[in-house]
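# Overview (structure and organization)
Below are the chains, spelled out letter by letter.
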Amino acid sequence: MKSSDFKIIPVDKDAEQQMKDIAFNHMKDYYDMSGGHGDVGEAVKAYLSKISAGYRMHASWTLEQIHLAESTRLNDFVRSRVPEWEPGKPFDTSILDEYKQGIDMKA
């Protein structure tokens with residue numbers, strides 16, 4: 001399958017928030033590295049078990065895109081405060097206190 005076979009669909013607000021929270025925790029705890037915990041996959045799998053089979057492929061794609069978008073916003077935010085930062089490189093995580101989920105924040 002190719003990405004054009006998938007579409008963004010409405011998902012439960014709690015599942016959406018969970019994806020954003022996981023992205024934030026990856027940034028805060030692992031400097032945007034997953035730490036090999038597989039928590040995104042586990043959260044997606046748990047959500048998919050609650051919905052009908054016909055929506056699972058698109059719901060999975062949607063949740064992964066929500067996580068990716070939030071991770072990208074977090075990366076942009078950190079780079080706006082620490083321009084030389086790269087994923088995996090430690091930084092003062094107290095700057096994340098200023099971060100607003102789901103909002104693009106540039107310097």
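This is a predicted model, so every value here is computed, not measured.

The rules we used
- Note that residues are indexed from 1 along each chain, following the sequence as it is written.
- Local features in a predicted model are, by the rule used here, given only for residues with pLDDT of at least 70; side-chain atom pairs are given and counted only at 80 or more, and totals for whole chains, interfaces and linings are based on all residues.
- As a convention, hydrogens and water are excluded, and side-chain values are obtained from all of the structure's heavy atoms.
- Secondary structure elements are taken from DSSP: a helix is a run of H or I of four residues or more, a strand is a run of E of two residues or more, and numbering for both begins at the N terminus.
- Three labels apply to residues, based on accessible area from a 1.4 Å probe with only protein chains included: buried if under 20% of the type maximum, exposed if over 50%, partly exposed otherwise in between.
- Working definition of accessibility: Shrake-Rupley area with a 1.4 Å probe, residue cover restricted to the visible protein chains.
- Positive residues here are Lys and Arg, negative ones are Asp and Glu, while His and the chain termini are left out of the count.
- The atoms used to mark charge sites are NZ of Lys, CZ of Arg, CG of Asp and CD of Glu.
- The nonpolar core is taken to be a set of buried Ala, Val, Leu, Ile, Met, Phe, Trp, Tyr and Cys residues, with the residues joined through side-chain atoms within 4.5 Å.
- Between two residues, a contact is recorded if the distance between any of their heavy atoms is within 4.5 Å.
- The arc in question is the one spanned by the directions pointing from the helix axis to the C-beta atoms.
- To pair, rings of Phe, Tyr and Trp, with the six-membered ring standing in for Trp, must have centres within 6.5 Å; the planes then decide the type, stacked if under 30 degrees apart, edge-to-face if over 60, and tilted in the middle.

For the rest of this paragraph, the subject is the overall build of the protein chain. Along the protein chain, the regular secondary structure elements total 3 helices and 0 strands. Along its sequence from the N terminus, the protein chain presents helices and strands in the succession α-α-α. Each of the three principal axes of the protein chain carries a C-alpha extent, and together these read 45 × 25 × 25 Å. Taken over 107 residues, the protein chain has a buried fraction of 35%. Accessible surface, the protein chain as shown: approximately 6500 Å² in total, 52% of it carbon and sulfur. Taking the average location of the 14 positive side-chain charges in the protein chain and that of its 18 negative ones, the two points are 5 Å from each other.

With that settled, the discussion passes to the nonpolar core. If you look at the biggest cluster of nonpolar residues, it comprises 14 residues, and the most contacted ones within it are V11, M19, V44, Y47, L48, A59 and L63. No other element matches helix α2 (residues 39-48), which puts 5 residues into this core. Not counting the four nearest positions on each side in its chain, M19 is found in contact with V40, A43, V44, L63, I66 and H67. Counting 11 residues, the second-largest nonpolar core is a separate cluster that includes F77, V78, W85 and F91.

When you line up the elements, S60 lands in helix α3 (residues 53-81). Classification of S60 by relative accessible area gives buried; the value is 15%. Other than its neighbours up to four places away in sequence, S60 contacts V44 and L48.

Let us now look at α2. By the burial criterion, the buried members of α2 are V40, A43, V44, Y47 and L48. On an axial view of α2, the arc spanned by its buried residues comes to 135°, and they lie on one face. Of the residues in α2, the exposed ones pointing more than 90 degrees away from the buried face are E42 and K45. On its buried face, α2 sits against α1 (13-30) and α3.

Turning next to the packing of aromatic side chains. Going through the model one piece at a time under the given rule, you end up with 5 aromatic pairs. Note on Y31 and F91: the rings are 5.4 Å apart at their centroids and 70° apart in plane angle, and the pair reads as edge-to-face. Residue Y31 is located in the loop between α1 and α2, and its partner F91 is located in the segment after α3; the two are separated by 60 residues in the primary sequence. Here W85 and F91 contribute two aromatic rings whose centre-to-centre distance is 5.7 Å and whose plane-to-plane angle is 80°, an arrangement assigned as edge-to-face. Note on accessibility: W85 and F91 belong to one class, buried. Counting every residue linked through ring pairs, the aromatic cluster contains F24, F77 and Y99.

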